[in-house]
Amino acid sequence: GAVHGINNSTGGMSLVNSWNGRPYSQRYFDILEKRKTLPVWHQKEEFLKVLKENQTLILVGETGSGKTTQIPQFVLEAVEVESADRRKKYMVGCTQPRRVAAMSVSRRVAEEMDVTIGEEVGYSIRFEDCSSAKTVLKYLTDGMLLREAMTDPLLERPDLKLVVMSATLEAEKFQGYFFGAPLMKVPGRLHPVEIFYTQEPERDYLEAAIRTVVQIHMCEPPGDILVFLTGEEEIEDACRKITKEVGNMGDQVGPVKVVPLYSTLPPAMQQKIFEPAPPPLTEGGPAGRKIVISTNIAETSLTIDGIVYVIDPGFAKQKVYNPRVRVESLLVSPISKASAHQRSGRAGRTQPGKCFRLYTEKSFNNDLQPQTYPEILRSNLANTVLTLKKLEVLNYLGALDDEGNLTKLGEIMSEFPLDPQMGKMLVVSPEFNCSNEILSISAMLSVPNCFVRPREAQKAADEAKARFGHIDGDHLTLLNVYHAYKQNNDDQSWCYENFVNQRALKSADNVRQQLARIMARFNLKLCSTDFNSRDYYINIRKAMLAGYFMQVAHLERTGHYLTVKDNQVVHLHPSNCLDHKPEWVIYNEYVLTSRNFIRTVTDVRGEWIVDIAPHYYDLDNFPQCEAKRVLEKLYKKREKDKEESRNRR
Ligand code: ADP
């Protein structure tokens, strides 16, 4: 049937888009031609047949074969045909491992279907829902699907269909799990990729990567370059250096367009990776090149056509979860063989390519693990799977009762798309008369770092930051920044002059509104302590402690900090705003680098700890350490004070 122009019979092609009744644009037809060349299109009929006859199916196909962009549209076509007469309400959802991928792919698919993003095609990621009542195809992160599944029992419906798609998955395992579901294979169309290794290990992979880019640009035939680096700062640094070095070579070489790609880049900038390489400067002159410098997003989540050269230094920032300190962190670590293979494959999408591995062949064979551990083994599950695993922690937070069931408090906490600690802090904040401020702090902690520190203006940036500084803690500094930003009405030049990232603050504002709505739904009061009261900041610090009492460090007499109970040596991160070294601090993050740092810290008092979290600071259940002795004294003092006040009465 000719439905929604996803039909490939050119003869009877409709000129009107039945999604919105508008005539198709020329661009629609142009893209359609390209789409039809994608491998999954060759098996479209087969796919539709298998889908019709089965509830679950498994589809394996190389990255770039059209799984993410095309298959959901095929499914839409199938349900449309079926439900045309039955007027069923339906939705096609497609999960994505990352926020960037969900945003970028949904935009692309909206374009392919010639509809406006957020209408028929939308996306939903934490803190941002770009969909409407009209939406029939939604791209969403795994986390968001879990969240929907928590409140939406529809997943039990017999007409639910599931298509499991991947480039790398072990199909038999999934077939076994889904009672022998059928497997469809989409043959890849990968061209050969020649692999080069370095002779000696590289001392500095960033420098080596830049050098390799320049060499390719000088000596190799036309074709775009993809470089894998680990994070925003490194990527921006590389972009600057490459642009500069190529610029210095003058018109001996073709022009380059260097584009960064990482998750916190604004969506409009992310789209730049799909733009074509620049044309030669003069007619017949050396060809231009696009150079994409990316995190491992470009490894599997996003496919960029036209890449002929891949540079793989062999590292990625990967999530690791340290159950000892119960903190999740991102660590630069060696990739697996499977990742290296994926990366090199990116060079052979449109023609034979080359991959330059900046490590030795020996190291590839002997040092790299065969597979990357599944993310679920490296993640902190507490936030999505409240009832699993961290029973003890959730017990301490009061989210579970002794039978392991969710308490009323736990139920409310689970409605916040946040870590349980932060959820707890928000839920109890009205009791400390500071829910407005805790909302702002939570929002600020949920967005990327708002402080900008450009290389050429570090001193000025530090001075600007110091003006917001609060001597009792970084959380309070964040609150100051947020307040100042609001007072200046989201003013761009104010942000610029004060070295704060306007985008981060805008999204904090947005997050805050969403969290406030959840608060309202549970009748949690929005309130503040009088700013002139000496309790204003004290109440805020106490409320934070009520959520984060498991992330506390104690200053030892030797001058370093030990995390409470697990006794890990940590240092205050140099970015902190404190003017002193407090005896007790709560921290938001544990950063593992050359030294172990705790980042975003605030001064709290021992007296509050024994008041607010005695169940966790139960000394019968506490390792021998300095902190324990201090706490013992505090408990004794608390007993004495209580007795005295009884006697007075
Ligand atoms: P898979 O899911 O199998 O890895 P995709 O469906 O993501 O494959 O990609 C199919 C094709 O769509 C690729 O050639 C890719 O380059 C292209 N594509 C995806 N997003 C965009 C975009 N925003 N702009 C242009 N092309 C895109």
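As a reminder, the structure under discussion sits directly above these lines.
Fair warning: this is a prediction, and the values are worked out from it, not measured in the lab. Throughout, residues of each chain are indexed from 1 in the direction in which the sequence is written. Given that this is a predicted model, residues contribute local features only at a pLDDT of at least 70 and side-chain atom pairs are listed and counted only at 80 or more, while totals for whole chains, interfaces and linings are drawn from all residues. Hydrogens and water molecules were not included; the side-chain quantities draw on all heavy atoms of the structure.

## Considerations on the overall build of the chain
Tallying secondary structure elements over the chain gives 24 helices and 20 strands in all. Contacts are assigned to residue pairs with any non-hydrogen atoms lying within 4.5 Å of each other. Of the contacts formed within the chain by residues at least 6 apart in sequence, a portion of 70% connects residues at least 24 apart. Residue-level accessible areas treat just the shown protein chains as cover; the underlying method is Shrake-Rupley with a 1.4 Å probe. Total accessible area on the chain is roughly 32,200 Å²; 51% of this is exposed by carbon and sulfur atoms. Helix and strand assignments come from DSSP, with helices taken as H or I runs of at least 4 residues and strands as E runs of at least 2, each series counted from the N terminus.

## Description of the sheet that holds strand β7 (residues 183-186)
Here the rule is simple: two strands pair whenever DSSP picks up at least two bridges between them. The strand order across the open sheet formed by 3 strands is β6-β1-β7, and the pairing between neighbours is parallel. Bordering the open sheet on either side are β6 (162-166) and β7, each of which pairs with just one other strand. Strand-to-strand twist in this sheet, taken as the mean axis angle between neighbours without regard to direction, amounts to 20°. Where helices are involved, their axes are fitted lines through C-alpha atoms of the stretch in contact, as for all axes, and angles between N-to-C directions lie from 0 to 180°. Contacts from helix α3 (residues 44-53) reach β1 (56-61), β6 and β7, with the element oriented near 155° to β1.

## Description of the sheet that holds strand β16 (residues 552-555)
Strand order in the closed barrel formed by 5 strands is β16-β17-β18-β20-β19, with mixed pairing between adjacent strands. Strand-to-strand, the axes of this sheet are offset by a mean angle of 50°, without reference to chain direction. Pairing geometry for β16 and strand β17 (residues 561-563), over 3 bridges, is antiparallel. Counterpart to H554 in the pairing with β17 is L562. Sheet strands touched by helix α19 (residues 474-487): β19 (584-592) and β20 (596-604). Its angle to β20, the strand with the most contacts, is close to 75°.

## Things to note about the environment of A546
Topologically, A546 is positioned in helix α22 (residues 535-548). Burial status follows relative accessibility: with a 1.4 Å probe on protein chains alone, a residue under 20% of its type maximum counts as buried, one over 50% as exposed, and anything between as partly exposed. The exposure class assigned to A546 is buried, which follows from its relative accessible area of 6%. Distance from A546 to Q421, taken between C-alpha atoms, is 8.5 Å for residues 125 residues apart in sequence. Other than its neighbours up to four places away in sequence, A546 contacts K424, V428, F432 and I612.

## Here we look at the site of the ligand
Close to the ligand lie 15 residues, the nearest being G64, T68, T69, T303 and D305. In this structure, G66 approaches the ligand through a main-chain N or O atom, which is 3.0 Å from an oxygen atom. Polar contact criterion, stated in full: a pair of N or O atoms within 3.5 Å, where within protein one must be able to donate a hydrogen and the other to accept it, and residues adjacent in sequence count only if both atoms are side-chain atoms. T69 is positioned with one of its side-chain polar atoms (N or O) 2.6 Å from an oxygen atom of the ligand. Relative to its free-state accessible area of 570 Å², the ligand is covered by the protein chains to the extent of 92%. We call a residue near a given molecule or strand whenever any one of its heavy atoms falls within 4 Å of it.

## A look at the packing of α19 against helix α21 (residues 502-521)
Viewed as axis vectors pointing N to C, α19 and α21 meet at an angle of 95°, and their least axial separation amounts to 11 Å. Regarding the angle of α19 to α21, the classification is roughly perpendicular. Together, V481, Y482, Y485 and K486 of α19 and Q502, L505, K506, D509 and R512 of α21 make up the contact between the two elements. Residues that form the contact of α19 with α21 fall into these classes: 4 nonpolar, 1 polar and 4 charged. Angular relationships are summarised with four words: roughly parallel below 35 degrees, roughly antiparallel beyond 145, roughly perpendicular across 65 to 115, and oblique for the angles in between. Only Asp, Glu, Lys and Arg are considered charged in this grouping, and only Ala, Val, Leu, Ile, Met, Phe, Trp, Tyr, Cys and Pro are considered nonpolar; every other residue, Gly among them, is considered polar.

## Looking at the packing of aromatic side chains
Geometry of an aromatic ring pair is reported as the spacing of the ring centres plus the angle between the planes. For Phe, Tyr and Trp, rings pair up if their centres lie within 6.5 Å, where Trp contributes its six-membered ring, and each pair is then called stacked (planes under 30 degrees apart), edge-to-face (over 60) or tilted (otherwise). Scanning the model with the defined rule gives 18 aromatic pairs in all. A ring pair is formed by Y28 and F29, whose centres lie 5.1 Å apart and whose planes are at 80°; its orientation type is edge-to-face. Comparing Y28 with F29, the two get one shared label, buried. When the ring of F47 is compared with that of F74, the centres are 6.2 Å apart and the planes differ by 55°; the resulting orientation is tilted. Of the two residues, F47 is situated in helix α3 and F74 in helix α4 (residues 67-83); the sequence distance between them amounts to 27 residues. Look at F47 and you get buried, because its relative accessible area is 1%. By relative accessible area, which is 0% here, F74 ends up buried. Taken together, the ring pairs in this structure connect Y396, F549, Y616, Y617 and F622 into an aromatic cluster.

## Observations regarding the pairing of β1
Summarising burial for β1: 6 of the 6 residues are buried, a large majority. With burial as the criterion, each face of β1 is covered, one bearing T56, I58 and V60 and the other bearing L57, L59 and G61. Where β1 and β6 come together, 5 bridges link them in parallel fashion. Bridge pairing in β6 places L59 opposite M165. As defined by bridge partners, β1 adjoins β7 across 4 bridges and the pair is classed as parallel. Following the sheet pairing, I58 is matched in β7 by L183.

## A closer look at the side chain of T141
For T141, the location among the structural elements is in strand β5 (residues 137-141). A relative accessible area of 10% places T141 in the buried class. When neighbours within four sequence positions are excluded, T141 is seen to be in contact with Q96, R98, R99, S124, I125 and R126.

## As for unusual backbone geometry
Leaving glycine aside, a negative phi is the common case for residues, and trans is the common case for peptide bonds. With a phi close to 60°, D114 is a non-glycine residue in the positive phi region. One non-glycine residue, F499, adopts positive backbone phi at about 55°.

## Looking at the pairing of β20
With 7 of 9 residues buried, β20 lies mostly within the body of the structure. Alignment of strand β18 (residues 569-572) against β20, held across 2 bridges, turns out to be parallel. Looking across to β20, one finds that H571 is bridged to F597. Looking at chain direction, β19 and β20 are connected through 8 bridges and run antiparallel. If you follow Y587 over to β20, its bridge partner there is V601. Between β19 and β20, which follow one another and run antiparallel, lie 3 residues.

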